[in-house]
Amino acid sequence: MATRGFIGKRPSDGIGDRLPPGQYLTEDFPVLSAGPTPRVALADWRFTLKDGVRPVASWGWDAFNQLPQSKLTRDIHCVTKWSKFNTAWSGVMVDDILAEAGIAAPSDFTLAHSYDGYSTNVPTEDLINGRAMVATHFEGKPISPDHGGPARLLVPHLYFWKSAKWVSGLQFTSRDEAGFWELRGYHMRGDPWREQRFSGD
Ligand SMILES: Nc1nc2c(c(=O)[nH]1)N[C@H]1C(S)=C(S)[C@@H](COP(=O)(O)O)O[C@H]1N2
Ligand SMILES: [Mo]
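Predicted, not measured: the structure shown is a model, and the values here were computed from it.

**Q** So what exactly am I meant to see when it comes to the overall build of the chain here?
**A** A count of helices and strands for the chain gives two helices and 11 strands. When the helices and strands of the chain are read in sequence order from the N terminus, they spell out β-β-β-α-β-β-α-β-β-β-β-β-β. Here the chain has a C-alpha radius of gyration of 18 Å; the compact-globule value for 201 residues is 17 Å, and the two agree. Seen through its C-alpha atoms, the chain measures out along the principal axes to roughly 65 × 35 × 30 Å. A burial count over the chain gives 47% of its 201 residues as buried. Long-range pairs, those at least 24 residues apart, make up 67% of the contacts in the chain with a sequence separation of at least 6. Total accessible area on the chain stands at roughly 10200 Å², and carbon and sulfur atoms take up 52% of it. Within the chain, the 23 negative side-chain charges are centred at a point lying 3 Å from the centre of the 22 positive side-chain charges.

Okay, structure coming up:
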């Protein structure tokens with residue numbers, strides 16, 4: 001039959017092929033935080049890049065905002081199963097942060113650290129080559145405190161727990177070290193298209 005090749009495919013309505021398995025689409029923007037929202041005054045804010053325990057570069061708020069600015073509009077996917085399409089962010093690409101620090105990524109593993117004590121590990125290759133940014137703006141406005149302002153990591157192609165809110169820095173590590181949720185059974189990479197929700201998935 002002429003239609004045989006189409007059996008089993010989802011309709012091309014623009015939703016099915018953008019929604020990873022097990023996810024549903026929402027128009028809201030839920031807030032998911034492990035604890036209370038930390039308030040970080042811009043005067044005290046710093047972003048620090050570390051190679052192991054050694055700091056290699058650090059920026060205060062004004063200096064950080066002078067780095068090259070980029071925009072990313074991406075679909076995001078939370079492990080609690082909501083997805084939101086076309087979220088528009090701007091900030092500084094991890095590629096540009098590394099370039100400004102004058103280094104290439106020194107190891108294959110990265111831990112993102114946050115002002116609330118949260119951390120999450122991300123394979124370095126998921127942060128570079130145009131994949132991830134430290135976002136300061138959402139939909140054209142400064143990111144609200146609940147959603148991670150002043151600045152959050154954005155790794156839109158991985159489950160959203162990898163996008164550390166209130167980010168304070170990136171630390172390159174020689175081994176893959178589990179972060180907050182990864183220590184509690186969540187996946188070390190977290191690819192929504194492979195449903196890498198829990199360790200062992
Ligand atoms: N610092 C920090 N970052 C965090 C979290 C957190 O508790 N603390 N929660 C994570 C989880 S589980 C998700 S789903 C997203 C939620 O981001 P949102 O509140 O902007 O939707 O942030 C992630 N980043
Ligand atoms: Mo989450």
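**Q** When you look at the UniProt feature "domain: Oxidoreductase molybdopterin-binding" (unreviewed entry) in the chain in this model, what are you seeing that I'm missing?
**A** On the UniProt side, "domain: Oxidoreductase molybdopterin-binding" (unreviewed entry) is annotated at positions that read residues 35–181 here. As annotated, residues 35–181 has a helix share of 9% and a strand share of 42%, and its two end C-alpha atoms lie 13 Å apart.

**Q** Teacher, can you tell me more about the packing of aromatic side chains here?
**A** Centre-to-centre distance and the angle between the planes together describe a pair of aromatic rings. For the structure on display, the rule yields 18 aromatic pairs. On the basis of an interplanar angle of 45 degrees and a centroid distance of 5.4 Å, the ring pair of Phe47 and Phe64 is categorised as tilted. Placement of the pair is Phe47 in strand 2 (residues 46–51) and Phe64 in helix 1 (residues 61–65), with a sequence separation of 17 residues. Given the relative accessible area of 0%, Phe47 is considered buried. Among the aromatic residues, those joined into a cluster by ring pairs are Tyr118, Tyr159, Trp161, Phe180, Trp181, Tyr186 and Phe198. Against the face of Phe85 rests Arg18, its NZ or CZ located 4.3 Å from the ring centre.

**Q** How do you make sense of the site of ligand 1 when you look at a structure like this?
**A** Within the structure, ligand 1 sits among 20 residues, and Pro30, Ala34, His147, Arg152 and Lys165 are positioned closest to it. One nitrogen or oxygen atom from the side chain of His147 is found 2.6 Å from an oxygen atom belonging to ligand 1. Alone, ligand 1 offers 530 Å² of accessible surface; in the complex the protein occludes 97% of this. Assessed atom by atom at 2 Å from the grid points, ligand 1 resides in the largest pocket. Within the shell around ligand 1, the residues separate by chemical class into 13 nonpolar, four polar and three charged.

**Q** For this particular structure, what's the right way to read the nonpolar core?
**A** Generally speaking, soluble globular proteins have nonpolar side chains that are buried together. By size, the foremost hydrophobic cluster in this structure holds 32 residues, and its most contacted members are Phe47, Leu49, Trp59, Phe64, Ile97 and Leu153. At the level of secondary structure, the elements contributing two or more residues to this core comprise strand 2, strand 3 (54–60), helix 1, helix 2 (94–101) and strand 11 (167–173). Looking at this core element by element, the count peaks at four residues for helix 2. Non-local contacts of Phe64, meaning those with residues more than four positions away in its chain, are made with Trp45, Phe47, Trp59, Gln69, Val92, Ile97, Val134 and Thr136. Formed by 13 residues, the second largest nonpolar core is a distinct cluster that contains Trp82, Met133, Phe138 and Ile143.

**Q** Explain the layout of surface pockets here, please?
**A** Once rolled over the atoms, a probe with the size of a water molecule shows which space is left empty. Taken as a whole, the largest pocket encloses approximately 380 Å³ of empty space. Contributing to the lining of the largest pocket are 22 residues, with Leu32, Ser33, Tyr118, Trp161 and Trp181 lying nearest its centre. By residue class, the composition of the lining of the largest pocket is 15 nonpolar, four polar and three charged.

**Q** I'm lost on the pattern of salt bridges in this one. Help?
**A** Two side chains with opposite charge may pair up if their charged atoms get near one another. Following the criterion strictly, the structure yields seven salt bridges and no others. Residue Asp75 pairs with Arg18 through a salt bridge whose shortest N-O separation is 2.7 Å. Of this pair, Asp75 sits in strand 4 (residues 70–77) while Arg18 is found in the segment before strand 1 (24–25), placing the two residues 57 residues apart along the sequence. Residue classification places Asp75 among the buried residues on the basis of a relative accessible area of 17%. For Arg54, the salt bridge goes to Asp51, with nearest N and O atoms at 3.7 Å. Relative accessible area serves as the criterion here: at 28%, Asp51 is assigned to the partly exposed category.

What counts and what doesn't
- Residue numbers restart at each chain and count upward from 1, following the sequence in its written direction.
- Chains and ligands are labelled by the order in which they are written, letters from A for the one and numbers from 1 for the other.
- Local features are withheld for residues below a pLDDT of 70 in this predicted model, meaning they are given only at 70 or higher, and side-chain atom pairs are given and counted only at 80 or more; totals for whole chains, interfaces and linings count all residues.
- Hydrogens and water molecules were not included; the side-chain quantities draw on all heavy atoms of the structure.
- Helix and strand assignments follow DSSP, with helices taken as H or I runs no shorter than four residues and strands as E runs no shorter than two, numbered in order from the N terminus.
- A radius of gyration in this sense is built from C-alpha atoms; the matching globule rule multiplies 2.2 Å by the number of residues raised to 0.38.
- For each residue, the accessible area found with a 1.4 Å probe, counting protein chains only, is set against the maximum for its type, and the residue is called buried under 20%, exposed over 50%, and partly exposed in between.
- Working rule for contacts: check all heavy atoms of both residues, and any pair within 4.5 Å makes them a contact.
- Surface accessibility follows the Shrake-Rupley procedure with a 1.4 Å probe radius. Residue values consider only the protein chains on display as shielding.
- Here Asp and Glu are counted as negative and Lys and Arg as positive; His is not counted, and neither are the chain ends.
- Taken as the charge location is NZ of Lys, CZ of Arg, CG of Asp or CD of Glu.
- UniProt positions are given in the numbering used here, feature names are shortened, and annotations may be inferred rather than shown by experiment.
- Two rings from Phe, Tyr or Trp (for Trp, the six-membered ring) form a pair when their centres are within 6.5 Å of each other. A pair whose planes differ by under 30 degrees is stacked, one over 60 is edge-to-face, and the rest are tilted.
- Charge over a ring is defined by NZ of Lys or CZ of Arg lying within 6 Å of the ring centre and within 35 degrees of the ring normal.
- We define proximity as follows: a residue is near a molecule or strand when any one of its heavy atoms falls within 4 Å of that partner.
- Two N or O atoms count as a polar contact when they lie within 3.5 Å, although within protein this holds only if one can serve as hydrogen donor and the other as acceptor, and sequence-adjacent residues are included solely when both atoms are side-chain atoms.
- In this analysis the probe radius is 1.4 Å and the grid spacing 1 Å, with only protein atoms considered; a cavity is a set of points the probe fits into but cannot get out of, a pocket is an open set with protein on both sides within 12 Å along at least five of seven lines, and lining residues have an atom within 4 Å of a point.
- Here the criterion for a molecule occupying a pocket or cavity is that more than half of its atoms lie within 2 Å of the pocket grid points.
- Note on residue classes: Ala, Val, Leu, Ile, Met, Phe, Trp, Tyr, Cys and Pro are nonpolar, Asp, Glu, Lys and Arg are charged, and everything else, Gly too, is polar.
- Definition used in this section: a nonpolar core is a set of buried Ala, Val, Leu, Ile, Met, Phe, Trp, Tyr and Cys residues joined via side-chain atoms within 4.5 Å.
- Grid points are joined across faces, edges and corners, and a volume is the space filled by probe spheres set on the points.
- By convention in these notes, a salt bridge is any Lys or Arg side-chain nitrogen within 4 Å of a carboxyl oxygen on Asp or Glu.

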